[in-house]
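Now for the letters of each chain:
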Amino acid sequence: MLRIVVCIKQVPETQEVRLDPVTHTLKREGIAAIINPFDLYALEEGLRVKDAHGGTVTLLTMGPPQAEAALREALGFGADAAVLLSDQAFAGADTWATALTLARAIKKLGGADLIFCGKQAIDGDTAQVGPMLATILTMPYVAWARKLTWSEDGNLTVERLLDHGYDAVETSLPALVTVVKEINDPRVPSFKAKLKAKKEAIPVWGLADLNLSAREVGLSGSFTQVVKVFPPPARGTPEIWTGAPEELAARLWRRLKEQSQAQL
Amino acid sequence: MDYLLTEEQQMLQDLARQIAHERIKPIRAQLDEEEIFPWDVLADLAQADLCGTVIPEAYGGLELGCLENCLVLEALAEGCVGVATTYAASFLGAYPLLLYGTDAQKHRYLPPLARGEALAAFALTEPQAGSDAGAIQATAVKDGDFYVLNGAKQWITNAGEAEFYTVIALTDRSKGVRGASALMVEKNDPGISFGKKEKKMGIRASVTREVILEDCRIPADRLLGKPGLGFIITMKTLDLARPGAGALAVGLAQSAMDEAAAFAKERHQFGAPIFSFQAVQHLLANMATQIEAARALVYAVARHIDSKPKDYSKQGAMAKLFATDMAMQVTVDAVQVMGGHGYMREYPVEKMMRDAKILQIFEGTNQIMRNIIGLALNKEYSKKK
């Protein structure tokens, strides 16, 4: 029986993310919330592993009380259970404090054989929580998974989508996998699961439930703090060169030399 | 408008809408253009549990009523009436079983339908028997523990793709209409074959083929109800299905309205959006009013049917007649609002206009609907004397 955990995040629907001018964290009030789109692919992959090999899929999210809606929506796709991690003390958490909180919850669940996350959330875009969570749980992780295959000895071979092509890595379980959109085509929700999800009791775990102190979580447990937020400067006009590699390398060398001289 | 739907009904409607907008709309032009049967969408509908809406829970369905069926059909028709017709036609094939099947018959056919693993089809029409359904010539002759079927059924939706066919055939030729019976024929039975895929004006994602029965030998326990009930089963089946045809019309018309209104906001002529012109507003106002009236009638009739009245032929015919005539007019007007753009296949309303026409024809033409309503009125007013 595989114990599968899928971590999801509720994110603002709008592309125009607003920031709190004081804390520099995301402002969520007054904006429609959705499940982070990459997390739906993580959920689908979790459900596919369950469909093929049996097991349970448990959803986990950390967020304000309204994040419960994201869990109910995700339950409508057929996950077995959901837990909401919510506490005033969790507010303002960076990726580390978030990962630590999730890790403690997974321990409280009794551990997991396979954890799925989206490759990153579309609001913060850090792509760090998954890998940090695996690190805290001392299990291997594979990021940017675009395909999973099982070997006969129960190991998992994961194709990772890279900038130019892919590579394949093999891992034993337990492991954490973050997925890209190429991995699957998420199913539609099921009416029976939605009916069940509506009535499902979703436990809410806070600081005390996870044996954590206020210093370890939220803003105070965060190693990083956002000091400034600004739009990235516009890039220059890109050039695309074609030709033989030797020729291109020589051309690039000349260009770099010219530019460094110009700066002197 | 608030139709006082329950939370469950709204959830069902939202789910069907989600499928229509996310899974059907993006591919509907391709399905239409290339005449592709929508197996992928049917798989989504199965995953969503929507293949079992009206099938009892004992057979794996959701055991919902006529109103819920209409809500789903309306939502799916907002995506594509070709796809929605495919889905609806399977229920048309299943209604005779739901109404007259034995427990054993239901156990054999309903669970795979509810799971979306199989489709059903209803085979009544013949080359010489369209509106005059009583003129069917197909026969089912008893031979020991078997029936042997011969004849040809024309323009059968889902034919060739469906696993199960409810065939109306004469078990007693001498009795005419009273000698008709309903029998379940399976795709793999010996002696059943299918004609070529018909080329249609609209609803091109759905398939229409001839069902040919040549010494098609089936076990006698495939008979639904009793011998001679075929015509009654047919009428009851169509009565039950007709609000659904009305719901398809409402969804289609709403979708055409939405396209036309959005276009009218964007399109500028004489220095202003065409929406600001009274000529266009009056067209849109008529469309919106007619759609709302049809929706209200379809829901009211569906609720009436769900209250289990003894007879609802008249109301079912009214819902089908009014809503499908409305959809024809609204889709024609949607093209008019959009002008030359509306006529181009690049925009979806020309397809909607082509799709609308069949709604006035199938499941009983709208002329037959008026006959049914007239007949019922005649009876009602005779009693009142």
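This structure is a prediction, so every number in the text was calculated from the model and none was measured. (Residues numbered from 1 in each chain as written. Chains lettered and ligands numbered in written order. Predicted model: local features only at pLDDT ≥ 70, side-chain atom pairs only at ≥ 80, totals over all residues. Heavy atoms only, no water.)

**Student:** Tell me about the packing of aromatic side chains, and please be specific about residues and values.
**Tutor:** Counting across every chain of the model gives eight aromatic pairs over all chains. Here the aromatic rings of Tyr 165 of chain B and Phe 194 of chain B are separated by 5.4 Å at their centres, their planes lie at 35°, and the arrangement is tilted. Taken together, the residues Tyr 165 of chain B in strand β4 (residues 164-170) and Phe 194 of chain B in strand β6 (residues 192-194) connect sequence positions 29 residues apart. Measuring from ring centre to ring centre gives 6.1 Å for Phe 270 of chain B and Phe 277 of chain B, while their planes differ by 75°; the resulting arrangement is edge-to-face. Sitting over the face of the ring of Tyr 166 of chain A, Arg 146 of chain A holds its NZ or CZ atom 3.9 Å from the ring centroid. The cationic tip of Arg 217 of chain B hangs over the ring face of Phe 146 of chain B; the distance from NZ or CZ to the ring centre is 4.5 Å. (Phe/Tyr/Trp six-rings, centres within 6.5 Å; stacked < 30°, edge-to-face > 60°. Helix = DSSP H or I, 4+ residues; strand = E, 2+ residues; numbered from the N terminus. Lys NZ or Arg CZ within 6 Å of the ring centre and 35° of its normal.)

**Student:** I'd love a proper account of the sheet that holds strand β6 (residues 114-118) of chain A, names of residues and values included.
**Tutor:** Residues and elements named next belong to chain A. With mixed pairing, nine strands are arranged side by side in an open sheet as β9-β8-β7-β10-β6-β1-β4-β5-β11. Two strands lie at the open edges of the sheet, namely β9 (165-171) and β11 (204-205), each paired on one side alone. Bridge count for strand β8 (residues 156-162) against β9 is seven bridges, and the pairing is antiparallel. Bridge pairing in β9 links Thr 157 to Glu 170. Contacts between helix α1 (residues 37-53) and the sheet are confined to β1 (3-7), β4 (56-62), β6, β7 (141-150) and β10 (175-179), with β6 contributing the most and set at about 150° to the helix. Set on the sheet, helix α4 (residues 129-136) makes contact with β1, β6, β7 and β10; between it and β10 the angle comes to about 180°. (Pairing = 2+ DSSP bridges. Contact = heavy atoms within 4.5 Å. Axes fitted to C-alpha atoms, helices over the stretch in contact; angles between N-to-C directions.)

**Student:** Could you give an account of the domain arrangement of chain B, with specific residues and numbers?
**Tutor:** All names here are of chain B. In terms of domains, chain B is made up of domain 1 (7-119), domain 2 (121-230) and domain 3 (233-383). When each unit is reduced to the centre of its C-alpha atoms, the spacing between domain 1 and domain 3 is 20 Å. Taken together, the contact between domain 1 and domain 3 spans 26 residues of the former and 32 residues of the latter. At the boundary of domain 1 with domain 3, total buried surface from both sides reaches about 2,400 Å², with 68% on carbon and sulfur atoms. For the interface between domain 1 and domain 3, the tally reads four salt bridges. When the shortest N-O distance is used, the salt bridge between Glu 259 and Arg 28 registers 3.5 Å. Inspection of the domain 1/domain 3 interface yields six residue pairs in polar contact (both at pLDDT 80 or more). At the level of elements, α1 (7-34), α3 (66-79) and α4 (81-100) are the ones that each hand at least two residues to the side of domain 1 that touches domain 3. Here the residues of the side of domain 1 that touches domain 3 sort into 14 nonpolar, five polar and seven charged. (Domains from an automatic or database assignment. Buried area = accessible area lost by both parts, 1.4 Å probe. Salt bridge = Lys/Arg side-chain N within 4 Å of Asp/Glu carboxyl O. Polar contact = N/O pair within 3.5 Å; in protein donor to acceptor, adjacent residues only side chain to side chain. Nonpolar A, V, L, I, M, F, W, Y, C, P; charged D, E, K, R; others polar.)

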